[in-house]
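One-letter residues, chain by chain:
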Amino acid sequence: MKKIEAIIRPEKVTAVKDALAEAGFPGLNVVSVTGRGAQKGVVRQGRGGQPVVIDMLAKAKMELVVADADADRVCNVIIDTARTGEIGDGKIFITNVEEVIRVRTGERGEQAV
Ligand SMILES: Nc1ncnc2c1ncn2[C@@H]1O[C@H](COP(=O)(O)OP(=O)(O)O)[C@@H](O)[C@H]1O
Ligand SMILES: [Mg+2]
């Protein structure tokens, strides 16, 4: 199995969640995070016109564990739905997952995801 952690714009969460459910992946966690990327935040115009650096930006982290064979499809759904083409669209991190256990039944592995 793979764990897919997608850092996306918070305003894209609903659309990505719906697109993933539509594609057959209803199970996920969403966490509100603050983060920064290569641009180290953004610079906004302050009240007096002075530049104000916003170091950490609000982002959403979506976390799903899926079968190996589904990982590419899930990433493509996220990318197609979350992309605006502007700086700050986010990143996806993929890691191997050793084991999954469904607590209710004790099932393990890909049939439990
Ligand atoms: N190397 C990283 N490790 C963990 N999280 C990251 C990393 N790079 C970016 N992020 C997260 O992704 C969000 C969006 O990054 P983004 O600005 O699109 O990336 P970049 O500027 O590196 O192209 C950041 O606010 C942060 O939450
Ligand atoms: Mg950036």
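Structure's up top.
Just so it is clear, the model here is predicted, and its values are computed rather than measured. (Residues numbered from 1 in each chain as written. Chains lettered and ligands numbered in written order. Predicted model: local features only at pLDDT ≥ 70, side-chain atom pairs only at ≥ 80, totals over all residues. Heavy atoms only, no water.)

## Examining the sheet that holds strand β2 (residues 29–35)
Now for step 1: Ordered in space as β2-β5-β1-β6, the four strands form an open sheet in which the pairing is antiparallel. The strands lining the two open edges of the sheet, one partner per strand, are β2 and β6 (91–96). On average, adjacent strands in this sheet sit at an angle of 25° to one another, irrespective of strand direction.
Now for step 2: Pairing geometry for strand β1 (residues 2–8) and β6, over six bridges, is antiparallel. Paired with Ile-4 across the strands is Ile-94, a residue of β6.
Now for step 3: Contacts from helix α1 (residues 13–22) reach β1, β2 and β5 (57–66) within the one sheet, and its direction differs from that of β5 by about 10°. (Pairing = 2+ DSSP bridges. Helix = DSSP H or I, 4+ residues; strand = E, 2+ residues; numbered from the N terminus. Axes fitted to C-alpha atoms, helices over the stretch in contact; angles between N-to-C directions. Contact = heavy atoms within 4.5 Å.)

## Focus: the pairing of strand β3 (residues 42–45)
Now for step 1: Taken together, the four bridges between β3 and strand β4 (residues 51–54) define a ladder with antiparallel strand orientation. Counterpart to Arg-44 in the pairing with β4 is Val-52.
Now for step 2: Hairpin geometry of β3 and β4 is characterised by an intervening segment of five residues between the two adjacent antiparallel strands and by a positive phi of about 90° at Gly-49.

## A word on the site of ligand 1
Now for step 1: Every residue near ligand 1 is listed here: Ile-7, Gly-35, Arg-36, Gly-37, Ala-38, Gln-39, Lys-59, Gly-88, Asp-89, Gly-90, Lys-91 and Phe-93.
Now for step 2: The separation between an oxygen atom of ligand 1 and a polar main-chain atom of Asp-89 is 3.5 Å.
Now for step 3: Separating an oxygen atom of ligand 1 from a side-chain N or O atom of Lys-91 is a distance of 2.8 Å.
Now for step 4: Taking 550 Å² as the accessible area of ligand 1 by itself, protein coverage stands at 69%.
Now for step 5: Applying the majority rule of atoms within 2 Å of the grid points places ligand 1 in the largest pocket.
Now for step 6: For the shell around ligand 1, a count of residues per class yields three nonpolar, five polar and four charged. (Near = heavy atom within 4 Å. Polar contact = N/O pair within 3.5 Å; in protein donor to acceptor, adjacent residues only side chain to side chain. Areas by Shrake-Rupley, 256 points an atom, 1.4 Å probe, with all protein chains shown as cover. 1 Å grid on protein atoms, 1.4 Å probe; cavity = no way out; pocket = protein on both sides within 12 Å on 5 of 7 lines; lining within 4 Å. Sits in = over half its atoms within 2 Å of the grid points. Nonpolar A, V, L, I, M, F, W, Y, C, P; charged D, E, K, R; others polar.)

## Quick notes on α1
Now for step 1: Inspection of α1 places Val-13, Val-16 and Leu-20 among the buried residues, and these make up the whole buried set. Seen from one end, α1 has its buried residues packed into an arc of 70°, which puts them on one side.
Now for step 2: Where α1 is buried, its residues touch β1, β2, β5 and α2 (71–82).
Now for step 3: Just downstream of α1, Gly-24 is the residue with a positive phi angle, here 100°. (Buried < 20%, exposed > 50% of the residue type's maximum accessible area, 1.4 Å probe, protein only. Arc of directions from axis to C-beta.)

## A closer look at the layout of surface pockets
Now for step 1: Approximately 540 Å³ is the volume found for the largest pocket.
Now for step 2: Elements with a contribution of two residues or more to the lining of the largest pocket: β2, β3, β5 and β6.
Now for step 3: Lining the second largest pocket are 14 residues, with Phe-25, Gly-27, Val-65, Val-66 and Val-113 positioned closest to its centre.
Now for step 4: Per-element accounting of the lining of the second largest pocket gives the leading share, four residues, to β5.
Now for step 5: Residue composition of the lining of the second largest pocket, grouped by class: nine nonpolar, three polar and two charged. (Points joined across faces, edges and corners; volume = space filled by probe spheres on them.)

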